[in-house]
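Residues per chain are reported as follows:
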Amino acid sequence: MKRKVALLLCLALTGTMVLGGCGSSKGDSDGGEKDASKDSQKTKWASTDETFNPLDEKDAISFEDLREKLGAISKSDKEFSFAGNVKAFENVVWQEIANGYEGFADDAKAAGRKLTVDTTSPMGESDEEGQLSILKDQVRQGVNAVLLSPISDANCLPGIEAAHDADIPVFAVNNEFNGADMFVGPNSLEQGEIAAEWVNDKIGGKGEVAIVMGMAKTGVTRNRTEGFESWFKENNPDIEVVAKQNADWDRSKAKDVAATFLKTYPDLKAVFCNNDVMALGVVEAVKEANLELNKDIYVIGCDGQSEAYDSIRAGEMAATIDSFPYYEGYMAAEVCYRWMIGQDVPKVVFTPCRMLDSTNVDKTAEENLGWEAPTFE
Amino acid sequence: MEKLKKSIKSYSRELSTLLALLFIIVIFSIIAPRYLEISNLMDIVEQGTVNGFLAIGVTCAIITGGIDLSVGSAMAVSIVTCGRLAVAGVPPLVVVLVGLGLGAFIGIINGVLVTKMKLQPFIATMGTNSVLRGIAYLITGGWPVLNIPKEYREIFQYSIVPNLRMSMIVLVLMSIVYSFVLKKRKTGVYIYAIGSNEEATKLSGVNTDKFKIMAYMLCSMGAAMAGMVTLARLGTGEPTGGEGYELNAIAAAAIGGTSLAGGKGSILGTVLGALILSALKIGLVVVGMDTFYQYIATGLIIIVAVYLEVVQQKVSGIFSKKKKIA
């Protein structure tokens, strides 16, 4: 009996291997010798006691404006090693952001700069303790800066304090947190506004719309929803947000919520979802309700995942707000590098987002963003 | 007549769950009359099916006095495995059979951990939960499985008459089979007996390990089915599917009268429990209740529903005592 069980186990494992593709592999970079001289520009670190909200920051600047203001990346022969610490490699978005860090490091190296970036992630978005251990370990290794995207508002706090005690700045990428010395990432309020403006044009400035929200605990949910709602309140009260419900970022739950929306509000013209996965679930509900996508009703997502791209090409999802995770990572690394070599970077830098629909979904990210590689002095 | 009375009595717990369900439907219909439309009522069933499959499975594990926290991840493994097979062109019915086999296999592992290795079910299935989630990610490399063929989706999504989907029929069939096994077969008798008093059952010469393993097998097969239905509903197989669904399944079982102490519970009650949860969720959406209040409302209803059982037991206890005196 036992032998049989063992045999079955082996079979199952091999089966898994055969079926499974391989996970992501991450390019490794050598540690690099640390430059002991700390940048003299900032000696005081952000306090973890003060609430930091990038949207409240007055001298926040968009990435495009920042490049225009600062011009080329100024000369420096200092040697840096950055540590990336992202939420979860299970999520493709975070793999892309990490690739973006590497992308900038490669370009910097090609321009003769001494920069290495090494990115790690905990075991999924519920491994809050694991992320803290990684952060503390990165601090112990003595990196020059940490690019951090914490799972929750508070899970990395002790590590952030430890970094500051060791004179290591901690930069927030994509997700803000208290104690961040700088924030680089998309403006999630603006994402909601962009979506609202697009919907307004599409449905001719009149009608009922609904929102499918993500988990209530994250700021992204609040901001994207609020941006969408407030745009209509300020610009066009003829469009009414008749329903908004939480679907926990879950495709199946989003489908269920939307099915009820469609029955309760038969005149619904558009559904804005806080992310693409939920939008794809809503698309299924619309199909089942025998409504015509992009004619009777528009479904809009957020994030710009590849599955959303395919759905837009197939004429199902109407649009997504893409924050171009690879370039977001690239820009974050660039901005942090500029900060480290002493260029005058404000505390908040918003990375660009674009509305992607059938008209521009087949263009490259570079075209949609109007991307240009940075210049080095 | 006597027979009818007897059967009503033996189903009294299910009847009260049914009354609770009707009560919820009446309340929401008064607030929002469109709640009572046939298509909406059928939505309650449709949206309760996935949880229903999970819950009838988990009921089997709970009746033995155990628990299975791995059903959400078992569901994910079933989603991605069946998704890959369906995309590879394997005939849909074969995919379903493989899925069920996979569920049975996962259940046997859980059962062996709990019986032969004597691990606490809570901890053992917490462990397999993590292992299975990892396997689900590995199978797809973290990406979703796209473009599930229509032939596969149709097995569960096909509507016989409008609003009546195959998935609902499959749930009814599976519930009947599970009920039959639990109530009419020796296996079921022993599963209940193990939950009531494992030592006594063992001492009377029953191979308790064998029947416990069977209970966990039934449990994971329910989860596998939930995964296959989800795959058909969404047309995409995500390795993240079913995350956190185990708690809803356990809640459905508890509302339906399954005692977490073991030895008590029924498939019919659990299905009604799952329907109560989806009736509630849809009701709160239809009346447009704010998300934050929904968490509170859902929690309160679970507490009230389970408390009703406590009250009912007391009441029926009083009645039976009176009878004896008379």
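Residues numbered from 1 in each chain as written. Chains lettered and ligands numbered in written order. Predicted model: local features only at pLDDT ≥ 70, side-chain atom pairs only at ≥ 80, totals over all residues.

You'll find chain B entered in an unreviewed UniProt entry as ABC transporter permease, with Faecalicatena faecalis given as the organism.

Here is the rule: UniProt positions are given in the numbering used here, feature names are shortened, and annotations may be inferred rather than shown by experiment.
The name given to chain A in an unreviewed UniProt entry is Substrate-binding domain-containing protein, with the source organism recorded as Faecalicatena faecalis. Listed in UniProt under the heading Sequence similarities (unreviewed entry), the comment for chain A reads: "Belongs to the bacterial solute-binding protein 2 family." The UniProt entry for chain A carries the following text under Subcellular location (unreviewed entry): "Cell envelope".

**Considering the overall build of chain A**
Test applied: Where helices and strands are cited, they refer to DSSP runs of H or I of at least four residues and of E of at least two residues respectively, numbered from the N terminus. For every residue, the other C-beta atoms within 10 Å of its own C-beta are counted; 20 or more classify it as buried, 12 or fewer as exposed, and values in between as partly exposed. C-beta atoms are placed from the backbone. C-beta atoms are placed from the backbone for every residue, and two residues are taken to be in contact when these atoms lie within 7 Å.
Helices and strands together make up the secondary structure of chain A, namely 12 helices and 13 strands. Counting only residues that meet the buried cut, chain A has 49% of its 377 residues in that class. Within chain A, residue pairs in contact and separated by at least 24 positions form 75% of the contacts whose partners lie at least 6 positions apart.

**Some remarks on the overall build of chain B**
Definition in use: Note on method: radius of gyration uses C-alpha positions; expected globular size equals 2.2 Å times residues raised to 0.38.
In terms of helices and strands, chain B carries 14 helices and two strands. A compact globule built from 326 residues would reach a C-alpha radius of gyration of about 20 Å, and chain B, at 20 Å, matches this within 12%. Structurally, chain B occupies a C-alpha span of about 70 × 55 × 40 Å along its principal axes. Looking at chain B as a whole, 53% of its 326 residues are labelled buried.

**Describing the UniProt feature "transmembrane region" (unreviewed entry) in chain B**
Residues and elements named next belong to chain B. UniProt tags residues 12–32, 52–81, 93–113, 119–139, 160–181, 213–232, 267–286 and 292–311 as "transmembrane region" (unreviewed entry). As a span, residues 119–139 carries 90% helix and 0% strand, and end to end its C-alpha atoms are 27 Å apart. End C-alpha atoms of residues 267–286 are separated by 28 Å, and the span's content is 100% helix alongside 0% strand.

**Some words on the interface of chain B and chain A**
Filter applied, for reference: For this classification, the nonpolar set comprises Ala, Val, Leu, Ile, Met, Phe, Trp, Tyr, Cys and Pro, the charged set comprises Asp, Glu, Lys and Arg, and every other residue, Gly included, is treated as polar.
Listed as interface residues are 32 residues of chain B and, on the opposing side, 30 residues of chain A. Taken together, the elements giving at least two residues each to the side of chain B that touches chain A come down to α3 (38–63), α4 (71–87), α5 (92–115), α6 (121–140), α11 (208–234), α13 (267–286) and α14 (291–325) of chain B. For the side of chain B that touches chain A, a count of residues per class yields 15 nonpolar, 12 polar and five charged.

**Quick look at the packing of helix α8 (residues 251–264) of chain A against α11 of chain B**
The condition is simple: Lines fitted to the C-alpha atoms define the axes, with helices restricted to the stretch that makes contact. Angles between their N-to-C directions range from 0 to 180 degrees. Every angle not falling under 35 degrees, over 145, or within 65 to 115 is termed oblique; those three ranges are roughly parallel, roughly antiparallel and roughly perpendicular. Each helix crossing is assigned a hand: it is left-handed if the near helix lies turned anticlockwise from the far helix by less than a right angle, otherwise right-handed if that turn is clockwise.
For the pair α8 of chain A and α11 of chain B, the least separation of the axes is 11 Å and the interaxial angle reads 60°. If you check the angle between α8 of chain A and α11 of chain B, you find them oblique. When you trace α8 of chain A past α11 of chain B, the crossing you get is left-handed. Touching R251, S252 and K255 of chain A of α8 of chain A are T230, R233 and L234 of chain B, all from α11 of chain B.

**Describing the pairing of strand β5 (residues 170–173) of chain A**
All names here are of chain A. For clarity, the cut-off: Pairing between two strands requires that DSSP report at least two bridges joining them. A crossover gets the label right-handed when its path from the first strand over the helix to the second runs clockwise, viewed with the strands pointing away from the viewer.
Burial along β5 is two-sided: the residues V170 and A172 and F171 and V173 are all buried. In this sheet, β5 lies alongside strand β4 (residues 145–148) in parallel orientation, the contact comprising three bridges. By the bridge assignment, V146 is partnered in β5 with V170. For the crossover from β4 across helix α5 (residues 157–165) to β5, the handedness is right-handed. The pairing of β5 with strand β6 (residues 182–186) spans three bridges and is parallel. Residue pairing across strands places F171 opposite M182, the latter belonging to β6.

**What to know about the sheet that holds strand β11 (residues 319–322) of chain A**
Residue and element names in this part refer to chain A. In space, the six strands of this open sheet follow the order β8-β7-β9-β10-β11-β13, with mixed pairing throughout. The open sheet is flanked by β8 (239–246) and β13 (354–357), the only strands paired with a single partner. Averaged over all adjacent pairs, the angle separating strand axes in this sheet is 20°, with direction ignored. Sheet topology places strand β9 (residues 268–273) next to strand β10 (residues 298–303); three bridges connect them, and they run parallel. What sits directly across from V271, in β10, is V299.

**Some thoughts on α6 of chain B**
All names here are of chain B. Spelled out, the test is: Each residue after the first adds 1.5 Å to the expected span of a helix.
In a regular helix each residue adds 1.5 Å, so 20 residues correspond to 28 Å; α6 covers 28 Å between its end C-alpha atoms and thus fits that length. Those residues of α6 that sit buried are P121, A124, T125, T128, N129, L132, R133, I135, A136, Y137, I139 and T140. Among the residues trailing α6, G141 stands out with phi positive, at a value near 65°.

**Quick word on unusual backbone geometry**
All names here are of chain A. Despite not being glycine, N294 shows a phi value in the positive range, around 65°. Tracing the chain through its elements places N294 in the loop between α9 (276–288) and β10. Take N294: there are 17 C-beta atoms within 10 Å of it, and that puts it in the partly exposed class. You will see that D303, though not glycine, has its phi angle at about 125°, which is positive. Secondary-structure assignment places D303 in strand β10.

**Some words on the nonpolar core**
What counts, and what does not: Any set of buried Ala, Val, Leu, Ile, Met, Phe, Trp, Tyr and Cys residues joined through C-beta atoms within 7 Å is what this text calls a nonpolar core.
Of all hydrophobic cores here, the largest spans 146 residues; its most connected members are V271 and V282 of chain A. Not counting chain neighbours up to four residues away, the residues in contact with V271 of chain A comprise A210, V212, A258, F261, V282, I297 and V299 of chain A.

**Focus: the confidence of the model for chain B**
Residues and elements named next belong to chain B. Defined as follows: Along the chain, pLDDT gives the predictor's confidence residue by residue, from 0 to 100.
Scored by pLDDT, chain B comes out at a mean of 90, with 97% of its residues at no less than 70. Across chain B, α5 holds the top mean pLDDT of 97, while helix α1 (residues 2–10) sits lowest at 73. Taken over the whole predicted complex, pTM reads 0.78, whereas the ipTM for its chain interfaces reads 0.74.

**Comments concerning the pairing of strand β3 (residues 114–120) of chain A**
Residues and elements named next belong to chain A. Burial analysis of β3 places five of its seven residues in the buried class, the great majority of the element. Where strand β2 (residues 79–85) and β3 come together, seven bridges link them in parallel fashion. Bridging across to β3, E79 finds its partner in K114. Crossover handedness for the path β2 to helix α3 (residues 92–110) to β3: right-handed.

**Considerations on helix α7 (residues 219–235) of chain A**
Along an α-helix, residues three or four apart share an orientation, since each turn contains 3.6 residues. Residue and element names in this part refer to chain A. With 17 residues, α7 should cover 24 Å at 1.5 Å per step; its first-to-last C-alpha distance of 24 Å lies within 8% of that length. Taken together, the buried positions of α7 are V220, T221, N223, R224, T225, G227, F228 and W231. Lining the buried residues of α7 we find α6 (188–202), β7 (207–213), β8, β9 and β10.

**A few points about the domain arrangement of chain A**
Here is the rule: An automatic or database domain assignment provides the domain bounds reported here.
Structurally, chain A comprises domain 1 (57–185 + 324–351) and domain 2 (188–303). Between domain 1 of chain A and domain 2 of chain A, the C-alpha centre-to-centre distance is 32 Å.

**Regarding the sheet that holds strand β1 (residues 61–62) of chain A**
Residues and elements named next belong to chain A. Here seven strands make up an open sheet; going across it, the order is β1-β12-β6-β5-β4-β2-β3 and the pairing parallel. The open sheet has two edge strands with one neighbour each: β1 and β3. Packing against the sheet, α3 makes contact with β2, β3, β4 and β5, and its axis sits at approximately 165° to β3. Contacting β2, β3 and β4, helix α4 (residues 128–141) runs over the sheet at an angle of about 170° to β2.

**Observations regarding the packing of α3 of chain B against helix α8 (residues 166–184) of chain B**
Residue and element names in this part refer to chain B. The geometry of α3 relative to α8 is characterised by a closest axis approach of 9 Å and an angle of 20° between their N-to-C directions. In terms of orientation, α3 and α8 fall into the roughly parallel class. Two packed elements cross with a definite hand, and for α3 against α8 that hand is left-handed. Two secondary-structure elements touch here, α3 through V45, E46, T49, G52, F53, I56 and C60 and α8 through S167, M168, L171, M174, S175 and Y178.

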